Amino acid sequence: MLLKHLLPLAALAASTAAITLPATPAEAQVRRGKVVSVQTPYRGYVRGSRVERGPGYRSVDRGVRTRSGRGAYSSTDASWGPGYYNRDTTRQTRSGYGHSVSRDANWGDGRYQGGRTVTTNAGNSFGRSTVVTGNGDGTANYDYNRTRRDGSTVSHSGTVGPRP
C-alpha cells in the first residue's frame, strides 16, 4: 500500500525542476519532493517525501518501504485562515497499526468551537469537542464532550462568570 504513495512522490521529485511559481507573491507556493532508494545485496529500502505549502495551507507526505515489503507512511494536511484551523493526519506503521487524527477549530462573533477525533485502523473512534459561546455580559456558556477509547463518554456544561 505504501508503494502506491511512493510512486507519485517519485514523479513529483522528477518534475520539481519544471515547477513554476505563480507571478504574485500572495499566491506563491513551495513544492518539494524527494525519493531515495538504497539497495544492498542483503537489505534495501525506498524512502519518499513530498512537501507543498502556500498561504493558508501545508501538505506533507512521507513514507518508507523496505525490501521485505514492510513500510510506514504519514500524511498531514493543514489549512488555516481568519477564524478557522483544520489539520488531518494519517499514520501507518510498519507493523500495520495506524490511525487518523482530525483537528478543527472555528472562532468568531463570540463563539469558539473545536475538537479532535482519532480513528484507528480497527475502526475505533475517540476524541473530544468543546463549544464556548460568549453571552455579551462577561459570561460564557461552555459544552465539553469527550469519548474515551473504551467508548464511554464524559460531558460537562455550564456558565462561567466574569473575572473579578
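This write-up is about the structure you can find in this document. Everything quoted here is computed from the prediction, not taken from an experiment.

What counts as what
- Residues numbered from 1 in each chain as written.
- Predicted model: local features only at pLDDT ≥ 70, side-chain atom pairs only at ≥ 80, totals over all residues.
- Heavy atoms only, no water.
- Helix = DSSP H or I, 4+ residues; strand = E, 2+ residues; numbered from the N terminus.
- Buried < 20%, exposed > 50% of the residue type's maximum accessible area, 1.4 Å probe, protein only.
- Contact = heavy atoms within 4.5 Å.
- Areas by Shrake-Rupley, 256 points an atom, 1.4 Å probe, with all protein chains shown as cover.
- Pairing = 2+ DSSP bridges.
- Salt bridge = Lys/Arg side-chain N within 4 Å of Asp/Glu carboxyl O.
- Axes fitted to C-alpha atoms, helices over the stretch in contact; angles between N-to-C directions.

Attention now moves to the overall build of the chain. When its secondary structure is counted, the chain shows 1 helix and 10 strands. The order of α-helices and β-strands along the chain, N terminus first, is α-β-β-β-β-β-β-β-β-β-β. Counting over 164 residues, the chain shows a buried share of 21%. Taking the contacts inside the chain whose residues are at least 6 apart along the sequence as the reference set, 15% of them involve residues at least 24 apart. Of the roughly 11,100 Å² of accessible surface on the chain, 52% is carried by carbon and sulfur atoms.

Right, let's talk about the pairing of strand β10 (residues 153-160) for a bit. Note: strand β9 (residues 140-147) against β10, 8 bridges, orientation antiparallel. Each bridged residue has a counterpart across the sheet, and for Asn-145 the counterpart in β10 is Ser-155. Where β9 hands over to β10, the hairpin turn is made up of 5 residues, of which Gly-151 adopts a positive phi near 95 degrees.

Let's shift gears to the pattern of salt bridges. Counting across every chain of the model gives 3 salt bridges. Asp-61 is the salt-bridge partner of Arg-50, the closest N and O atoms lying 2.5 Å from each other. Note that Arg-50 is positioned in strand β2 (residues 44-54) and Asp-61 in strand β3 (residues 57-66), a separation of 11 residues in sequence. On the accessibility criterion, Arg-50 (16% relative accessible area) is buried. The buried category is assigned to Asp-61, whose relative accessible area is 10%. Connected through shared salt-bridge partners, Arg-31, Arg-50, Glu-52 and Asp-61 make up one network.

Quick look at the sheet that holds β9 now. Within the open sheet, the 10 strands sit side by side as β1-β2-β3-β4-β5-β6-β7-β8-β9-β10. Their pairing is antiparallel. Every interior strand has two partners, whereas the edge strands, β1 (30-39) and β10, have only one. Strand-to-strand twist in this sheet, taken as the mean axis angle between neighbours without regard to direction, amounts to 5 degrees. Of the strand pairs in this sheet, strand β8 (residues 125-134) and β9 are connected by 8 bridges, and their pairing is antiparallel. In the strand pairing of β9, Thr-133 is matched with Asn-141.

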